[in-house]
Amino acid sequence: GVLHRKSKNKRVYSFAASGAGLSQHLIWAEYAREKFNSEFFIFFIIANDFSEALAKHEKSPGFHRFKRINDNDWSMVLAEYNPSLTRKILRNSKLAMYLITNVKVHNIMNIDLKLGKNDKRESFVSNFSANYNEEFWNDATWATRTYLDNVEKYTSAKSRNILFVIDGIRPQLYNGKFEKSVIESFWYQMRKYFMQEAAKRNYEVLDMNKLFSEDYNVNKKKFEYKTDAHWNSYGHFIVAKSITKTKVWNKFLYSNQIETK
C-alpha cells in the first residue's frame, strides 16, 4: 500500500502467503509476468525461505518446491493440498479461526500447530532454528544458487529490474550487539551468503538489518508484533521507505509497473 501510493499512478501488486519458500517466489513471479505483464520485481527474503524451498525438508501442502536430483539437475514439484478432518472442522469454526488468525492463541500458548508440541524459542534466531548441520547448510546454499540462477528465467526481467530485500535479524538486533550464538546461527550466516551470491549476479540487495538497526537506535520502535514475528505497520513503513531509495525503484518510476512477492 505504501509503495502503491508512492508509485505515481503505476501499479504495485503483492503476491505472498505464509509458508512460501524461494521456489514459490519463482512460480508467483512467472504468474505475475504472464497475467500482469510485470517488468520489475521485488523479492522479500526471510530466514525460513530456504527450508521451505526444499521438498526434502518441507512437506506442508499448497506450495511448489525444489526437488534436488544432483547439483545441476532439479525439478519443481507441487505438494498438493488435502486437508485433514481436524483442519476441515477447525476452518469451519468461526471461534477457532478468530483465535488462530486474529488472537494468535497458539503463539501466546507457545504451541506449534504444525508439530503439536512445545516450540523452544530460545534456540531461534529470526523465527527460525539457530542450529544447523552441514547437510542442511549444503541444501540451503544449493537452493540459494538455484533460485538466483533462475530468477531472470521466471521473471523474464534483467537483473537491473530485480531487487532483493533481506530481512533483519529480529528481535536480536534490538540488543545493539550480537552474541556469539547469534553470529553462528543459520540466519546470520545465510544472510551473508545470499547477499554475496546475489551481488555476483549483479542484483541489487537491500540489507534491512542495517536499516532497521539505524532506525531503532533513533526511534526505539520495534518492527514486529508482540505475538507475531511478521513486520508490523511500522516495519512495513520502514521497508517501503528504504525501497523508494533504491536504483530499481527509481528505474521503475520511469517505466511501467512493479510486482512484489
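Everything discussed here concerns the structure shown above.
## Focus on the overall build of the protein
Phase 1 of the analysis: From N to C terminus, the protein includes 11 helices and 11 strands.
Phase 2 of the analysis: The C-alpha atoms of the protein give a radius of gyration of 19 Å, which matches the 18 Å a tight globule of 261 residues would have.
Phase 3 of the analysis: Each of the three principal axes of the protein carries a C-alpha extent, and together these read 50 × 45 × 40 Å.
Phase 4 of the analysis: Evaluated residue by residue, the protein yields a buried proportion of 44% over its 261 residues.
Phase 5 of the analysis: Relative to all contacts within the protein whose residues are 6 or more apart in sequence, the contacts with residues 24 or more apart total 68%.
Phase 6 of the analysis: For the protein, the accessible surface area stands at approximately 14,700 Å², while carbon and sulfur atoms represent 49% of it.

## Some words on the pattern of salt bridges
Phase 1 of the analysis: Inspection of the entire model under this criterion finds 13 salt bridges.
Phase 2 of the analysis: Close ionic contact of K56 with D139 constitutes a salt bridge, the shortest N to O distance being 3.0 Å. Here the residue K56 occupies a position in the loop between β2 (40-45) and β3 (64-70), and D139 occupies one in helix α6 (residues 134-155), the gap between them amounting to 83 residues.
Phase 3 of the analysis: For K56, a relative accessible area of 48% gives the class partly exposed.
Phase 4 of the analysis: Assessed through its relative accessible area of 6%, D139 is described here as buried.
Phase 5 of the analysis: Through salt bridges that share partners, K56, R68, E135 and D139 make up one connected network.

## Observations concerning unusual backbone geometry
Phase 1 of the analysis: In this chain, R170 is followed by P171 through a cis amide linkage whose omega measures 5 degrees.
Phase 2 of the analysis: Mapped onto the elements of the fold, P171 is located in the loop between β9 (162-166) and α7 (180-183).
Phase 3 of the analysis: Even without a glycine there, the phi angle at N37 is positive, about 55 degrees.
Phase 4 of the analysis: Looking at where N37 falls in the secondary structure, it is placed in the loop between α2 (22-36) and β2.
Phase 5 of the analysis: Of note in this structure, N127 is not a glycine but carries a positive phi near 65 degrees.
Phase 6 of the analysis: For N127, the position within the fold is in the loop between β7 (124-125) and β8 (128-129).

## Focus: the packing of α6 against helix α8 (residues 186-200)
Phase 1 of the analysis: In the contact formed by α6 and α8, the axes pass within 10 Å of each other and the chain directions differ by 30 degrees. Considered as vectors, α6 and α8 are oriented roughly parallel to each other. Classified by chirality, the crossing of α8 by α6 is right-handed. Here F136, W137, A140, T141, T144, R145, Y147 and L148 of α6 lie close against α8, whose contacting residues are F186, Q189, M190, Y193, F194, E197 and A198.
Phase 2 of the analysis: Within the contact of α6 with α8, the residues separate by chemical class into 10 nonpolar, 3 polar and 2 charged.

## Observations concerning α6
Residues separated by three or four positions in an α-helix point in the same direction, a consequence of the helix having 3.6 residues per turn.
Phase 1 of the analysis: Taking 1.5 Å per residue, 22 residues should reach 32 Å; α6 reaches 31 Å between its end C-alpha atoms and fits that length.
Phase 2 of the analysis: The sharpest bend along α6 reaches about 35 degrees and sits at D149.
Phase 3 of the analysis: Residue N133 occupies the N-cap position of α6, its side-chain oxygen lying 3.3 Å from the main-chain nitrogen of E135.
Phase 4 of the analysis: Of the residues flanking the end of α6, it is S156, one or two places downstream, whose phi is positive at about 55 degrees.

## A closer look at the packing of aromatic side chains
Phase 1 of the analysis: Summed over all chains, the structure comprises 33 aromatic pairs.
Phase 2 of the analysis: A centroid spacing of 4.6 Å and a plane angle of 50 degrees characterise the contact between Y174 and Y216, whose relative ring orientation is tilted. Residue Y174 is located in the loop between β9 and α7, and its partner Y216 is located in helix α9 (residues 208-219); the two are separated by 42 residues in the primary sequence.
Phase 3 of the analysis: Looking at Y174, the relative accessible area reads 13%, which means it is buried.
Phase 4 of the analysis: Aromatic pair F178 and Y188: ring centres 5.8 Å apart, planes at 85 degrees, arrangement edge-to-face. Of this pair, F178 sits in the loop between β9 and α7 while Y188 is found in helix α8, placing the two residues 10 residues apart along the sequence.
Phase 5 of the analysis: For F178, a relative accessible area of 21% corresponds to the partly exposed category.
Phase 6 of the analysis: If you follow K221 out to its NZ or CZ, it ends over the ring of Y234, 4.1 Å from the centre.

The rules behind each value
- Residues numbered from 1 in each chain as written.
- Predicted model: local features only at pLDDT ≥ 70, side-chain atom pairs only at ≥ 80, totals over all residues.
- Heavy atoms only, no water.
- Helix = DSSP H or I, 4+ residues; strand = E, 2+ residues; numbered from the N terminus.
- Rg over C-alpha atoms; globule rule 2.2 N^0.38 Å.
- Buried < 20%, exposed > 50% of the residue type's maximum accessible area, 1.4 Å probe, protein only.
- Contact = heavy atoms within 4.5 Å.
- Areas by Shrake-Rupley, 256 points an atom, 1.4 Å probe, with all protein chains shown as cover.
- Salt bridge = Lys/Arg side-chain N within 4 Å of Asp/Glu carboxyl O.
- Axes fitted to C-alpha atoms, helices over the stretch in contact; angles between N-to-C directions.
- Parallel < 35°, antiparallel > 145°, perpendicular 65-115°, else oblique.
- Left-handed = near helix turned anticlockwise from the far one by under 90°.
- Nonpolar A, V, L, I, M, F, W, Y, C, P; charged D, E, K, R; others polar.
- Expected span 1.5 Å × (residues − 1).
- Bend = angle between axes of the 7 residues up to and from the residue.
- Polar contact = N/O pair within 3.5 Å; in protein donor to acceptor, adjacent residues only side chain to side chain.
- Phe/Tyr/Trp six-rings, centres within 6.5 Å; stacked < 30°, edge-to-face > 60°.
- Lys NZ or Arg CZ within 6 Å of the ring centre and 35° of its normal.

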